[in-house]
Amino acid sequence: MATTVMESIGRVFISLQQIRQFPQLLTDAAPSMPGTVRDTEVPSYFRERYVCTGYRPLNQNWRYYFLSLFQRHNETLNIWTHLVAFLVLLIKLCQLTETVDFISDRHSWPLLILVLSSLTYSAFSVVAHLLGGKSDLAHYCFYFLDYVGVAQYQYGSAVVHFYYAVDESVHGLVSGIFMPTAAILSCLSCLGCCYGKYCNHSLPTWVRKVCQVVPSALAYSWDISPVAKRLFFWSSSDPAIIYHFGQVAFFLSCAFFFTCPLLERCFPGRCDFVGQSHQIFHVFLSCCTLCQIHASYLDFVGRRKLYSSLHGSGDVVLFVGLYVVTLIMCVGIAALMLRKVKQVLDFKLKSK
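Residues numbered from 1 in each chain as written. Predicted model: local features only at pLDDT ≥ 70, side-chain atom pairs only at ≥ 80, totals over all residues. Heavy atoms only, no water.

S.K.: Help me understand the packing of helix H5 (residues 109–131) against helix H14 (residues 315–351), please; the structure alone is not making it clear to me.
M.R.: The description of two helices packed together rests on the angle between their axes and the distance between the axes. Viewed as axis vectors pointing N to C, H5 and H14 meet at an angle of 20 degrees, and their least axial separation amounts to 10 Å. With respect to each other, H5 and H14 are oriented roughly parallel. With respect to the hand of their crossing, H5 and H14 are arranged in left-handed fashion. Contacts between H5 and H14 pair Trp109, Pro110, Ile113 and Ser117 from the former with Val316, Val317, Phe319, Val320 and Tyr323 from the latter. Tallied by class, the residues present in the contact of H5 with H14 amount to eight nonpolar, one polar and no charged. (Axes fitted to C-alpha atoms, helices over the stretch in contact; angles between N-to-C directions. Helix = DSSP H or I, 4+ residues; strand = E, 2+ residues; numbered from the N terminus. Parallel < 35°, antiparallel > 145°, perpendicular 65-115°, else oblique. Left-handed = near helix turned anticlockwise from the far one by under 90°. Contact = heavy atoms within 4.5 Å. Nonpolar A, V, L, I, M, F, W, Y, C, P; charged D, E, K, R; others polar.)

So this is what it looks like as structure tokens:
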């Protein structure tokens, strides 16, 4: 028995030693990885307000940016917050497939759209924060991709709220216009975010925030409206209501931290690695998404009789098709704005 215990302790000790050696192994694998630089050494549109250090140098090889996943810089936690969220959402999807028939049950398709759109926006966010420091063009390309992810997630939010959470009175008022309007607002949100980023060349930072926040706020107000009546007249017998309250509270919190760099402003230069408002925004947005998915699942299970009577058999197919159209439109908007960015960058290069 004693021999067995000692062997087990020895294996644990070896495992801990290997874990402790991982940073050194990474350094040995990439000995030429350059350190981070100050904000004055990167273009102005790469900089975040009150974040002074921790920027990765531009124009390194792709391997450097992929390996920077394990490096300390000012994007590290922005990457990992949504990378962890992506993995949690993937586990959530696997759990849902055990109780939900996403293939045969058409009524489950809006829930699937929400989960897939959530995975997409978190994955695109990881890519943007991980690879957006490669070059000027890569910065715009990957962040425009991030905005496509946000826009299609807005549509995913709208479809579950309208399909599962809406009641008869609200459905009767907006049944013909709700989802087309949600699709249009998602595209406008993508356009606003891309245009705000594009304007970084010539206009102040607050212009970007206005272009991003106003269309997104309009989209959220519309997308959450089917839930609003239930929130105002909530009942303790409604199992999903606490999660709907949770998703709204988390969304309002993440909206605050997205628009206001509170900690960086109070402690300039001290939040370069941890404590940035954008990191907190990521955490709250992920919590909002998880609450939203669980609330939608509870509505899918508990309100089936109601939503089955409200939505015709062809509605869900139409909503899936509209999701695909919205995604294609957002990709087209991002591609168009990227073309304009490339023209500006080419002009600057020729004028040097």
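There is more to say, and it comes next.
S.K.: Honestly, the state of the cysteines in this entry has me stumped. Any pointers?
M.R.: Two cysteines joined by a covalent bond between their sulfur atoms form a disulfide. In the structure shown here, the tally under the stated rule is zero disulfides. Sulfur of Cys254: no disulfide; nearest cysteine sulfur belongs to Cys288 and is 5.9 Å away. We classify Cys254 as buried; its relative accessible area is 2%. (Disulfide = S-S within 2.5 Å. Buried < 20%, exposed > 50% of the residue type's maximum accessible area, 1.4 Å probe, protein only.)

S.K.: Before we go on, may I ask you to explain the UniProt feature "binding site: Zn(2+)" (unreviewed entry) in the protein chain in this structure?
M.R.: The residues that UniProt annotates with the feature "binding site: Zn(2+)" (unreviewed entry) are His129, His278 and His282. Spatially, the listed residues are clustered: although they cover 154 residues, their C-alpha atoms lie within 11.7 Å of one another. Structurally, His129 is set in helix H5. Relative to the assigned elements, His278 resides in helix H12 (residues 277–302). (UniProt positions renumbered as here; feature names shortened; annotations may be inferred.)

S.K.: Help me understand the nonpolar core, please; the structure alone is not making it clear to me.
M.R.: Taken as a class, soluble globular proteins show a tendency for nonpolar side chains to be buried jointly. In this structure, Tyr155, Val159, Tyr164, Met179 and Phe319 are the most contacted members of the largest nonpolar core, which totals 38 residues. Per-element accounting of this core gives the leading share, eight residues, to helix H6 (residues 136–165). Core analysis: the second largest hydrophobic core is formed by 36 residues, Ile79, Phe142, Tyr147 and Cys194 among them. (Core = buried A, V, L, I, M, F, W, Y, C linked by side-chain atoms within 4.5 Å.)

S.K.: Help me out: how do you make sense of the environment of Gln71 in this one?
M.R.: By secondary structure assignment, the location of Gln71 is in the loop between helix H3 (62–67) and helix H4 (76–97). Each C-alpha atom of the pair Gln71 and Thr36 lies 9.5 Å from the other, and the pair is 35 residues apart in sequence. Every residue in contact with Gln71, bar those within four places of it in the chain, is listed here: Met33, Pro34, Gly35, Arg56, Tyr64 and Thr76.

S.K.: Teacher, can you tell me more about the environment of Cys193 here?
M.R.: Checked against the element boundaries, Cys193 lands in helix H8 (residues 178–198). Between the alpha carbons of Cys193 and Arg208 there is a distance of 7.2 Å; along the sequence they are 15 residues apart. For Cys193, the residues in contact, after removing those within four places along its chain, are Tyr147, Cys211, Gln212 and Ser216.

S.K.: Would you mind going over the packing of H4 against H12 with me for this structure?
M.R.: Put simply, H4 and H12 touch, their axes get as near as 9 Å, and they point 10 degrees apart. Relative to H12, the element H4 is oriented roughly parallel. For the pair H4 and H12, contact is made by Leu77, Asn78, Thr81, His82, Ala85, Val88, Leu89, Lys92 and Leu96 and by His278, Gln279, His282, Val283, Leu285, Ser286, Thr289, Leu290, Ile293, His294 and Tyr297, respectively. The residue inventory of the contact of H4 with H12, partitioned by class, reads ten nonpolar, nine polar and one charged.

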